[in-house]
Amino acid sequence: MSATQPMVMRAREARSFDPNRAGKYFVLPALLLYGCFFVYPFLSSIYLSFTQWNGAAAPVFNGLDNYIRLFGDARMWGALKNNLIWVVLGTITPIVIGLFLSVLLWSGAVGSLLFRIVYFLPLVVSPVVVSVTWGWIYNPLFGILNRFLKMTGLGSLATGWLGNPSTALYAVLVTAVWGYLGFCVVVFFSALQKVDGELLDAATLDGAGPLARFWHIVLPQIRPVLTMVIVYTVIGGFNVFDVIYIMTRGGPAGASEVIATYTYKASFQQNEVGYGTALSMVMTVIALLAAIVTLRLRRDTEDGI
Amino acid sequence: MISRRQFAMGALATTAIGLPALSRAQDGPVTLRVWDSFADEGVDAGMRALIATFEAQNPGIKIQRDAQTTDSLRPIMQTALASGTGPDVLYYDTGPGYGKVLADAGLLLPLDDAYAAGVFSHVYDWTRARTTYGSKTYGVANELETYWAFYNADLFKQLGLAAPNTYAEFLNVCATVKAAGVVPVAFADQGGWPAYHLFSVYLNNVAGKAKMESLLLEGASWDDPDVAEAIKLFFVDMNQAGYLIPDASAVSYDDAIALFTGGQAGMHISGTWAIGDVAKAPFQVGWFFVPKADGGALPPAGLGSGYFVSSKTANKDAAIKFLSFLFDPANAKVWMEQMGILPPYKVDASAFALPGLFNDAVQAVSGQEMGYNIDVLTPDKFNNAMNEGFQAVLLGQKTPEQQAKDLQAAMVASRAS
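The structure displayed is predicted, hence computed values, not measured ones. Residue numbers run consecutively from 1 along every chain, following the written order of its sequence. As they are written, the chains are lettered A onward and the ligands numbered 1 onward, keeping that order. Per-residue local features are limited, in this predicted model, to residues with pLDDT of at least 70; the limit for side-chain atom pairs, both in listing and counting, is 80 or more; totals at the level of whole chains, interfaces and linings are taken over all residues.

Each helix and strand in chain A was counted, giving 13 helices and 2 strands. Rg of the C-alpha trace for chain A: 26 Å, well past the compact-globule value of 19 Å for 305 residues, more than 25% over. For chain A, the spread of C-alpha atoms along the principal axes amounts to about 100 × 70 × 40 Å. The exposure label follows from counting other C-beta atoms within 10 Å of a residue's C-beta, where the C-beta atoms are placed from the backbone and the thresholds are 20 or more for buried and 12 or fewer for exposed, leaving partly exposed in between. Residues classed as buried in chain A amount to 33% of the 305 residues present. Counted over contacts in chain A with a minimum sequence separation of 6, partners at least 24 positions apart contribute 70%. Helix and strand assignments come from DSSP, with helices taken as H or I runs of at least 4 residues and strands as E runs of at least 2, each series counted from the N terminus. Based on C-alpha atoms, the radius of gyration is set beside the globule rule, defined as 2.2 Å times the residue count to the power 0.38. With C-beta atoms placed from the backbone, a contact is any residue pair whose C-beta atoms sit within 7 Å.

Let's shift gears to unusual backbone geometry. The omega angle of the peptide bond from Gly251(A) to Pro252(A) is 0°, so this bond is cis rather than trans. Locating Pro252(A) in the fold gives a position in the loop between α11 (242–247) and α12 (259–269). Unlike most non-glycine residues, Ala253(A) shows phi in positive territory, near 55°. Relative to the assigned elements, Ala253(A) resides in the loop between α11 and α12. With a phi close to 55°, Asp247(B) is a non-glycine residue in the positive phi region.

So, about the nonpolar core. Ranked by internal contacts, the top residues of the largest apolar core, which has 175 residues, are Val185(B), Ala186(B), Phe187(B), Phe199(B), Ile245(B) and Ala256(B). Per element, the largest residue contribution to this core is 15 residues, and it comes from helix α8 (residues 168–192) of chain A. In contact with Ala186(B), other than residues within four places in its own chain, are Ile245(B), Ala256(B), Leu259(B), Phe260(B), Ala265(B), Met267(B) and His268(B). By our criterion, buried Ala, Val, Leu, Ile, Met, Phe, Trp, Tyr and Cys residues that link up through C-beta atoms within 7 Å make up a nonpolar core.

So, on to the packing of helix α5 (residues 112–124) of chain A against α8(A). Residue and element names in this part refer to chain A. Axis separation between α5 and α8 bottoms out at 6 Å; the angle between their running directions is 130°. One way to sum up the angle between α5 and α8 is to call them oblique. Note on packing geometry: the crossing formed by α5 with α8 is left-handed. Residues Arg116, Tyr119, Phe120, Leu121, Pro122 and Leu123 of α5 lie in contact with α8, whose contacting residues are Trp178, Gly179, Leu181, Gly182, Phe183, Val185, Val186 and Phe189. Asp, Glu, Lys and Arg are counted as charged, while Ala, Val, Leu, Ile, Met, Phe, Trp, Tyr, Cys and Pro are counted as nonpolar; the rest, among them Gly, fall into the polar class. Considered class by class, the residues forming the contact of α5 with α8 number 11 nonpolar, 2 polar and 1 charged. Note on definitions: angles span 0 to 180 degrees between N-to-C directions of axes, and those axes are lines fitted to C-alpha atoms, for helices only across the stretch in contact. Relative orientations are named as follows: roughly parallel for angles under 35 degrees, roughly antiparallel for angles over 145 degrees, roughly perpendicular for angles from 65 to 115 degrees, and oblique for any other angle. By convention the crossing between two helices is left-handed if the near helix lies anticlockwise of the far one by an angle smaller than a right angle, and right-handed if it lies clockwise.

The interface of chain A with chain B comprises 24 residues on the first partner and 30 residues on the second. Taken together, the residues that form the side of chain A that touches chain B break down as 10 nonpolar, 12 polar and 2 charged.

This paragraph deals with the domain arrangement of chain A. Where each domain begins and ends is defined by an automated method or by a domain database. Once the domains are mapped, chain A shows domain 1 (4–34) and domain 2 (69–302). With centres defined by C-alpha atoms, the gap from domain 1 of chain A to domain 2 of chain A works out at 46 Å.

Turning our attention to the domain arrangement of chain B. Residues and elements named next belong to chain B. With domains assigned, chain B is organised as domain 1 (23–141 + 303–365) and domain 2 (147–299 + 369–416). With centres defined by C-alpha atoms, the gap from domain 1 to domain 2 works out at 29 Å. Per-element accounting of the side of domain 1 that touches domain 2 gives the leading share, 4 residues, to helix α16 (residues 356–367). Partitioning the side of domain 1 that touches domain 2 into residue classes produces 6 nonpolar, 5 polar and 1 charged.

Here we come to the environment of Phe390(B). Residues and elements named next belong to chain B. Among the structural elements, Phe390 can be located in helix α17 (residues 380–394). Under the C-beta neighbour-count criterion, Phe390 is labelled buried, with 28 such atoms within 10 Å. C-alpha of Phe390 to C-alpha of Asp189: the two residues are 201 residues apart in sequence and 8.9 Å apart in space.

Residues and elements named next belong to chain B. Whether two strands pair depends on DSSP finding at least two bridges between them. Here 5 strands make up an open sheet; going across it, the order is β2-β1-β3-β12-β6 and the pairing mixed. Of all strands in the sheet, those bounded by a partner on one side alone are β2 (61–67) and β6 (139–141). Taking the axes of each pair of neighbouring strands and ignoring which way they run, one obtains an average angle of 20° across the sheet. Pairing analysis gives 2 bridges linking strand β1 (residues 30–36) to strand β3 (residues 89–93), with the strands arranged parallel.

This is how it looks when you write it as C-alpha cells:
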C-alpha cells in the first residue's frame, strides 16, 4: 500500500457517506408526499378557481368570472363577516381564559394535575360528539340550558339558540371555545414552566404586584408560544367548518354561515366547484395575510417598535 | 450480476407464465361494486337479504356493496365516477342537480336498450321520466312516496276530533289541540329540507295540478300569487298562530318525530317514508291528506332515488341483471316488509305482513290523484333558495312575496348556468 492510499480511501469513504446528501434522501419521501397531497392539489385548486366546473364534466376556463361574481356576492360578504367575528372572539376568548387558568394552575393550586386533565379532555373528544352534545344542550324542547334558565327565573332568556339568527353563531362559538380551551391551557402551562422563577422572586422583592409581574416578566417569556397559539387560532378561525356544519349547517337563513360552509354548499350541493374553489382561494389569502400581520406585529413588538 | 439478455429472457418467461393466470382471473366470478344509501339498520338488513338471494341465484356474480348516507354519497359520487374508481351500480338522487349532472357528463350508462328489451316493463311508465335526461333513460326510479299528515288518533278521540275534510276543519283541529296544551304540528326545520315538503303539500293544494305542471315542466314563473299564498298559509299563518313547534328552525327533524311519537304533538306532516318511525308510537296513528280549502286534496307524489349504472363499468350485463333482480315483483315483499319502501310497480300486497299505515299508503298512491313533489324536480339553486328562504320566512325576515320572487330568481339563475 502506498502513502497516498489511506488518503484515497478516506476520500472515497467521505464521498460514499455525505451526511448532507443522505439527509436529502431521507427527506425525499416526505417531500414527494407533500408534493402529491398538498402542492399539486393546491396548484390544481388555483386553476379550478378560474373555471366553471360542476364536478362531473370537464372544467371550462372562464377567466375572472368567479372572482368578479364573488366580490359582488352579498352572501360571501355575510359569511366573511361571520368569519371575522369568529376569528376575533374565537381567538381572544380561549386565549385569555386559557392563559388565566394556566397561570392559576401554575401557581400551585391543589389538584393542578386533575384540573389540567379535565380542561384538556374536551380536546380529545371528537368534534362531532362535542357538536352533537352541545346541540342537545341548546335544544329548545329538552335542552338543559333553557331548563336551567327557567329554573333560575331567567326564563325570558330562553330561546331556540341554534334557530335564532341573533344567537346561532355565538352559540356555536361557545361550543368551539369550550372544545379548544384545553389546548390553550395545556400549551400555556407548558410554556410557564420555562419562566425564570428568580426574576419573579426579584420582582416580588422589589415590590411588583401580581399583575406587574405577569405583564413585565411572565408574558415576555412566553411570548413565542403565545404568538404561535394566536397564529394557529386565527388560521383555524378562518377555516372553521365542522362544528358549524354539524350544529346549524350555516343557518338559520345563513345567520351562522362562514366561508367554509358556503364553499361546501357551492361545491357539493350546487355543483359549482369552480366557484367554491374561488371562495376557498380568497379565504386562504385572507388567512395567510392575517398570519403574516400577526407575526409582523409580534416581531415589531419585540424590536420595540 | 445478470446480463441484459438474461434479464429480458426472465421477463419474457414471467409474462408468459402470468398471462394465462390473468386470463383465468377474467374468466372467474364478476365482482359488481354497488353504492347505495340504505345505511340505516332496517333498510340495510333488507338490502343484504336481497343481495344474498341474488348471489345465490347468480353464483358467477359477487356484489361488493358500500352503504353510506345520502349526504355522504353526494360529495364523492361525481369524483369517484369521473376517476373510474366509482361503483358499477349506484343508488342516487334522480333530481336535475344529481342524476342529470352525471348523465350530462357522460358518467351514466343509458338503459334504453334494457327498457326496450322489456327488462323493466312492469315498472310504472310515468316513473321512467324521472330518470330520463334529454332523450335517453339512464336509470330506474324507486321509492314511491306521498305526503300526508300522521295524527295521534288516541288524542283526537280524547278531544272529540276527526280527520279534517276541509282546510278550515284542519285549522280547527290545530286550535283544539293547541288549547289542550299539545303542539298541533310537529314541524322542525333545522335541516332546511322539511320545508320543501310542506311547500309541496301546500302549493299543490293551492295551485292545482295544471299550474304545478306549468311551474315544474313548462317554465312558468314562480313569482306568482298562488306561490306566495301557499308560502303564507303555512310558513306565516300556521307559525304565527302557534300551531308549529316554537323555534322550529332550532329543532331537528328527528326531534320532531320524537315529539310526535312521544305524544307531545298532535300531528306530523311528512312523507310516507316516515311510516317506519311513526309506527313505533305507543298510540294509534291515523293519517289524512292535508285538505284544500274547499275539500279534497292534491297530495304531492314523488320518487326517491333511483338505480343507475356507471358508463365506465366493465360488467354491464351483470349490472343490468342485478337491476332486473332488484325490480322483480317477486322481491317486492322484501322491499315492503323489511325496508318499508314502495317499489315503482303495481303490487298485490294482500299477503304481506305490513303495518296498517303502509297498506294505507299503497292504496292511497294507487287510488288518489297525485300532484308533484317539488324538490326532486327542481335544480340545486332553487332548492337552496327554498332551504334558506323558508327559514327566513319563518323568522319573519322575508315576506312570502319576496320568497316567491327569490324562487323565480333562483330558477332563472339555474337555467342560465
